[in-house]
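So the chains spell out like this:
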Amino acid sequence: MFPDYVEVIVTHEHESPKAPVPAQAGSGLPYNRLSWWLDRFVAGVGKLSSWLWIAVLVVVLANVFSRFVLNAGSIWLEELSWHFFGAAMMLTLGFAVVKDDHVRVDVLRERFSLKWQARIELAAILLLALPIVYLMVETLIPYAYSSYVYNERSQAPSGLPYRFIFKSVLPIGMTLVGIALASRALRCCTLLFRFPREIATPEGYGNGEHPHP
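For clarity, every value in this text was computed on a predicted model and none was experimentally measured. (Residues numbered from 1 in each chain as written. Predicted model: local features only at pLDDT ≥ 70, side-chain atom pairs only at ≥ 80, totals over all residues. Heavy atoms only, no water.)

Asker: Describe in detail the packing of aromatic side chains, supporting the description with residues and values.
Answerer: Inspection of every chain in the model, using the stated rule, returns 6 aromatic pairs. Between W82 and F166 the ring centres are 5.6 Å apart and the planes differ by 90 degrees, which places this aromatic pair in the edge-to-face class. With W82 in helix 4 (residues 75-98) and F166 in helix 6 (residues 163-193), the pair connects residues that are 84 residues apart, well separated along the chain. On the basis of relative accessible area, W82 is assigned to the partly exposed category, the value being 39%. (Phe/Tyr/Trp six-rings, centres within 6.5 Å; stacked < 30°, edge-to-face > 60°. Helix = DSSP H or I, 4+ residues; strand = E, 2+ residues; numbered from the N terminus. Buried < 20%, exposed > 50% of the residue type's maximum accessible area, 1.4 Å probe, protein only.)

Asker: Before we move on, can you summarise the confidence of the model for the protein with the specific residues and values?
Answerer: Overall, the predicted model of the protein reaches an average pLDDT of 84, with 82% of residues at or above 70. Model confidence for the protein, summarised as mean pLDDT per element, is weakest for helix 1 (residues 2-13) at 43 and strongest for helix 6 at 97. Overall, residues 1-27 carries pLDDT values under 50, and its contacts beyond four positions in sequence, including any with other chains, amount to 4 contacts. Across residues 206-213 the pLDDT falls below 50, and counting only partners more than four positions away or on other chains, this stretch makes 25 contacts in the model. (pLDDT = per-residue confidence, 0-100. Contact = heavy atoms within 4.5 Å.)

Asker: Explain helix 5 (residues 114-149) to me, using residue names and the numbers behind them.
Answerer: Because an α-helix packs 3.6 residues into every turn, residues spaced three or four apart end up facing the same way. Helix length check: helix 5 (36 residues) gives 49 Å between terminal C-alpha atoms against 52 Å at 1.5 Å per residue, within 8%. A maximum bend of about 45 degrees is found in helix 5 at I125. Among all positions in helix 5, only Q117, A118, E121, L122, I125, V133, V137, L140, A144 and S147 are buried. Considering only its buried residues, helix 5 is in contact with helix 6. Of the residues flanking the end of helix 5, it is N151, one or two places downstream, whose phi is positive at about 50 degrees. (Expected span 1.5 Å × (residues − 1). Bend = angle between axes of the 7 residues up to and from the residue.)

Given below as structure tokens:
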């Protein structure tokens, strides 16, 4: 009796744990060479632009200190805060597309297979997103250029000059979004049509994970 009991205990104690279930193959869009470098470029700009959020925080704190401690409000500080905020927001939008962290409203998408998700996304990018981005960039470039030509400044007496700098960020930000969307469309084509050709990505950039170039 006792030897059998001991044998059972020893067997369970030395039993190796079950191996983890591997992730489902192809659980994300594959990369091709062009989309890889486009994503790296947009992500690099986004990471660099994210430092603007520190500038936003510093300017907002300086404005609060000036207004409530020194009792001296500053128009140019207020304008600088929303200039920095707008620039940070616009220049990091493309990064959100690259990481696929933007808000989605297609509630049925998650129920579909990966190939059907890619088909829907490719159609939406080509027929809706890219044309809208193109129209916005086409409108925003003259908008920024006219601000430069007329040397536009704030209407407030103590406001900021050179408003064309901030307005120029708008078409740049939308161009980055367009590049990120084009890269996403290329990745969909790689999955659906095997063209452009899929490439192997470094460790940590798996096809089933969010890219972090």
